[in-house]
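Fold and geometry: a report
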Amino acid sequence: MFDTQYDVIVVGAGHAGCEAAAAAANLGSKTLLITMNLQNVAQMSCNPAMGGIAKGQIVREIDALGGYSGIVSDRSAIQYKMLNQSKGPAMWSPRVQSDRSLFSLEWRSMLEQTQFVDFYQDMVVDLIVKEHQAVGVVTSLGSKIYGKAVVLTNGTFLNGLIHIGEKNFGGGRAGEKAATGLTSALQKLGFIAGRMKTGTPPRVDGRSLDFSKMTEQPGDVNPSKFSFSDNTEPLTKQRSCYITHTNLEVHDILRDGFDRSPMFNGAIQSTGPRYCPSIEDKINRFADKSQHQIFVEPEGWNTVEVYVNGFSTSLPDDIQYEALRRVKGFETVKFFRPGYAIEYDYFPPTQLFHSLETKLIQNLFFAGQINGTTGYEEAGAQGIMAGINAHLKHMEQTPFILGREEAYIGVLIDDLILKGTEEPYRMFTSRAEYRTLLRQDNADERLTARSHKLGLASDDRLKKVEEKTKKRISLVNYLRKESYPLDATNTLLIQKEAIPVTQTDKYAKLLARPNITRKDFKTFELLNSFMLENQMDDTIFEQAEIEVKYAGYIEKEKRNADKLKRLENINIPKNFDFDALASLSYEAKEKLNKLRPATLAQASRISGINPSDISVLLVSMGR
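This section reports on the structure supplied with the text. Computed from a prediction, not measured in an experiment: that's the story for all the values here.

Reading the values: the criteria
Residues numbered from 1 in each chain as written. Predicted model: local features only at pLDDT ≥ 70, side-chain atom pairs only at ≥ 80, totals over all residues. Heavy atoms only, no water. Pairing = 2+ DSSP bridges. Helix = DSSP H or I, 4+ residues; strand = E, 2+ residues; numbered from the N terminus. Axes fitted to C-alpha atoms, helices over the stretch in contact; angles between N-to-C directions. 1 Å grid on protein atoms, 1.4 Å probe; cavity = no way out; pocket = protein on both sides within 12 Å on 5 of 7 lines; lining within 4 Å. Points joined across faces, edges and corners; volume = space filled by probe spheres on them. Nonpolar A, V, L, I, M, F, W, Y, C, P; charged D, E, K, R; others polar. Buried < 20%, exposed > 50% of the residue type's maximum accessible area, 1.4 Å probe, protein only. Salt bridge = Lys/Arg side-chain N within 4 Å of Asp/Glu carboxyl O. Core = buried A, V, L, I, M, F, W, Y, C linked by side-chain atoms within 4.5 Å. Contact = heavy atoms within 4.5 Å. Parallel < 35°, antiparallel > 145°, perpendicular 65-115°, else oblique. Left-handed = near helix turned anticlockwise from the far one by under 90°. Arc of directions from axis to C-beta. Polar contact = N/O pair within 3.5 Å; in protein donor to acceptor, adjacent residues only side chain to side chain. Phe/Tyr/Trp six-rings, centres within 6.5 Å; stacked < 30°, edge-to-face > 60°. Lys NZ or Arg CZ within 6 Å of the ring centre and 35° of its normal.

1. Quick word on the sheet that holds strand β13 (residues 203–205)
As summarised here, the arrangement of the 6 strands in space is β14-β15-β16-β17-β13-β18, forming an open sheet in which the pairing is antiparallel. Every other strand in the sheet has two partners, leaving β14 (215–217) and β18 (335–337) as the edge strands with one partner each. On average, each strand axis in the sheet is inclined to that of its neighbour by 35 degrees, with strand direction left out of account.

If you want it as structure tokens, here you go:
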């Protein structure tokens, strides 16, 4: 069966593995997706949702590159919300509540319809390495499968250990066994491994909850969608989520169980996610808080199972149950399964190049939680990049790398490679210094042309983006050149309790006012006629509005990005001798030798590298 050599072998069929396999196959690589259980392709191990703050931007970037996450998310969504709309557009982040089962089914269906993807169910326990190059994998059944490139996306399965109170047992996810053998195989090759921890809350029976005691959280009135393609449609019906809160009685019950908690009795010593702490961690760290929010999220269209977001825990199941019964609306709760924590192996990502290829072994790529990240979106982003670069590597082509000024994906990978992480890495808008440029609404304009050049994004996708860009530019030019009608404008300004104007001016000047939005322009007949004639919908007007209102911020970020690009264009030779530069600090030499940045811009972003160190490097290279 495995006589033929594959171009790309992807190990693991989580979010990273699925995107990697799809990308490699769609670029023309004969791809094998091998996983321990083909019934759980793209399983949502934790919350049934995609997107959120900064994560929604990543999903749209994956979609713009030609990945599947956006399409699958749209087809399996039960609710859509645009978060942070009260803030500036750089912070707007789309999020969908998902049907957990449908999400997995849609992913598998799309992969099965993707040419060049083969599937196999088995556990990979070792790599086949020849002359420091990965040439295949070995499975638990003894099969040797050969490939030109290997992508490891093992998630939380590498030596996974599940904790529920004082009980612990091997597992990569509830009801699934851990993956063994691969960590030790990688360590023998010289890789450094570490341990991380994450957790998940109880799943409960929605029929046992009293939703009338909770605050309803409906979706957007006019929902949008993730994918820029025409393959999906916005939701026409939605399911609501709900909010309730813990209280002091809940906290007291939880504290009583601390002596049996693996978080506090020493059973768990690895680092958990800072920005998604367990409920016991919350009440311990924030002892002054009398309550914490609980988000009550349905798991799908046709199930009563409910996800208790905000109550992640590894406390004993009896403590979990007694505490949750004291939460308003949960008085008669019935568990489907208790929450648990899981520890697993990861490999510090400073051992990778920006292409996600390992520095030690050629043709071997890591993506997802194996690199120390947390979240489906972060995993999918790494997966699509690893799949692209695995294809390019065996084709002997230049790696595809996104800059920090081009995408959140670029920020994510750059942070991992140059800074590493000692706790599960999660993306936030605050991590991106060019977040006004990296908005969710313009991901297609930023990335589709680059993906199309690779051969991943289709001709239709590129044509659609080009038409959208042309319309946006045309509308912005109209707003900057044409003048608003005086009477209609003064009527609007009086309604807004603003001072009327005495003479007309350009539409852009009016739109730039903080209390005026595009929705106030509905009474301007000539403008609306222009938009109608040119088939410009509200999404085009929204982008034009952002460009007009935030022109100063956008231009400033573009100038800063241009400065960064100058350093990005100065390459550091692969075997550059940093130790020979006497003027470099000891810390700079140590970190530059360890991380081996490819450009001066990358070197400048390493923690501990000072501007004076960059000046020394510039001088040494004749700049």
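From this point on, the discussion continues.
2. Focus: empty space enclosed by the protein
As enumerated under the stated definition, the model contains 2 cavities of 30 Å³ or more in all. Looking at the largest cavity, its volume works out to about 40 Å³. Forming the walls of the largest cavity are Asp74, Ala77, Tyr80, Val96, Ser224, Lys225, Glu233, Pro234 and Leu235. Considered class by class, the residues forming the lining of the largest cavity number 5 nonpolar, 1 polar and 3 charged. The computed volume of the second largest cavity comes to approximately 30 Å³. Along the walls of the second largest cavity sit His354, Met385, Ile401, Leu402, Ile409, Gly410 and Ile413, which together make up its complete lining. Sorting elements by how many residues they give to the lining of the second largest cavity places helix α10 (residues 408–419) first, with 3 residues. When grouped by side-chain class, the residues that make up the lining of the second largest cavity number 5 nonpolar, 2 polar and no charged.

3. Quick notes on unusual backbone geometry
Positive phi outside glycine occurs at Ala42, with the angle close to 55 degrees. Take Ala42: it is sitting in the loop between β2 (31–35) and β3 (49–51). Using a relative accessible area of 0% as the deciding quantity, one classes Ala42 as buried. Phi angles above zero are rare outside glycine, and Ala54 is one such case at about 70 degrees.

4. Observations regarding the pattern of salt bridges
Per the counting criterion, the structure on display carries 41 salt bridges. Across the pair Glu106 and Arg75 runs a salt bridge, and its minimum N-O distance is 3.9 Å. With Glu106 in helix α4 (residues 100–112) and Arg75 in helix α3 (residues 69–75), this residue pair connects regions lying 31 residues apart in the sequence. The class of Glu106 is buried, set by a relative accessible area of 19%. By relative accessible area, Arg75 is classed as partly exposed at 35%. Between Arg260 and Glu166 there is a salt bridge, and its shortest N-O distance comes to 3.7 Å. One end of the pair, Arg260, is in the loop between α6 (248–256) and α7 (279–285); the other, Glu166, is in the loop between β10 (161–164) and β11 (167–170), with 94 residues separating them in the sequence. One network of salt bridges, with partners in common, ties together Arg404, Asp414, Asp415, Lys419, Glu433, Glu568 and Arg605.

5. Section: the nonpolar core
The biggest cluster of nonpolar side chains holds 103 residues, and the ones touching the most others in it are Leu152, Leu364 and Ile409. For this core, the element with the most residues is helix α9 (residues 376–394), which contributes 9 residues. When near neighbours in sequence (up to four residues on either side) are disregarded, Leu364 contacts Leu127, Ala134, Val150, Leu152, Leu186, Phe191, Leu356, Glu357 and Thr358.

6. Quick look at the packing of helix α1 (residues 15–26) against α4
Viewed as axis vectors pointing N to C, α1 and α4 meet at an angle of 20 degrees, and their least axial separation amounts to 11 Å. Classified by the angle their axes make, α1 and α4 are roughly parallel. By crossing handedness, the relation of α1 to α4 is classed as left-handed. Side by side, α1 and α4 meet where His15, Cys18, Glu19 and Ala22 of the first sit next to Phe103, Trp107 and Leu111 of the second.

7. Re the layout of surface pockets
Looking at the second largest pocket, its volume works out to about 1,500 Å³. Residue lining of the second largest pocket: 49 residues in total, with Ser224, Arg518, Asp538, Thr539 and Glu542 positioned closest to the centre. For the lining of the second largest pocket, the secondary structure elements donating two or more residues are β4 (77–83), α12 (459–481), α15 (525–533) and α16 (538–549). With 9 residues, the top contributor of residues to the lining of the second largest pocket is α16. Looking at the lining of the second largest pocket, its residues break down into 19 nonpolar, 11 polar and 19 charged.

8. Considering α6
Taken as a whole, α6 has its buried residues at Val250, His251, Ile253 and Leu254. Considered in projection along α6, the buried side chains sweep an arc of 165 degrees and stay on one side of the axis. Away from its buried face, by an angle of more than 90 degrees, α6 presents the exposed residues Leu248 and Asp256. Those residues of α6 that are buried lie in contact with α7 and α8 (317–324). The N-cap residue of α6 is Asn247: its side-chain oxygen and the backbone nitrogen of Glu249 are 3.1 Å apart.

9. Details of the packing of aromatic side chains
For the coordinates displayed, the defined rule picks out 16 aromatic pairs. For the pair Tyr321 and Phe335, a centre-to-centre distance of 5.7 Å together with 85 degrees between the ring planes defines the contact as edge-to-face. Taken together, the residues span a long stretch of sequence, with Tyr321 in helix α8 and Phe335 in strand β18 at a distance of 14 residues. Of the residues examined, Tyr321 reaches a relative accessible area of 32% and is grouped as partly exposed. Members of the aromatic cluster, each reached through a chain of ring pairs, are Tyr478, Tyr507, Phe521, Phe524, Phe530 and Phe541. Its end group placed over the ring of Tyr6, Lys30 keeps NZ or CZ at 5.2 Å from the ring centre. Between the NZ or CZ atom of Lys237 and the centre of the ring of Trp301, over which it lies, the distance is 5.1 Å.

10. Thoughts on the pairing of strand β15 (residues 241–245)
Counting buried residues in β15 gives 4 out of 5 residues, a clear majority hidden from the surface. Strand direction decides the pairing type here: β14 and β15, joined by 3 bridges, are antiparallel. The partner of Gln217 across the bridge, within β15, is Cys241. The sheet contact formed by β15 and strand β16 (residues 293–298) spans 4 bridges and is antiparallel. Each bridged residue has a counterpart across the sheet, and for Ile243 the counterpart in β16 is Phe295.

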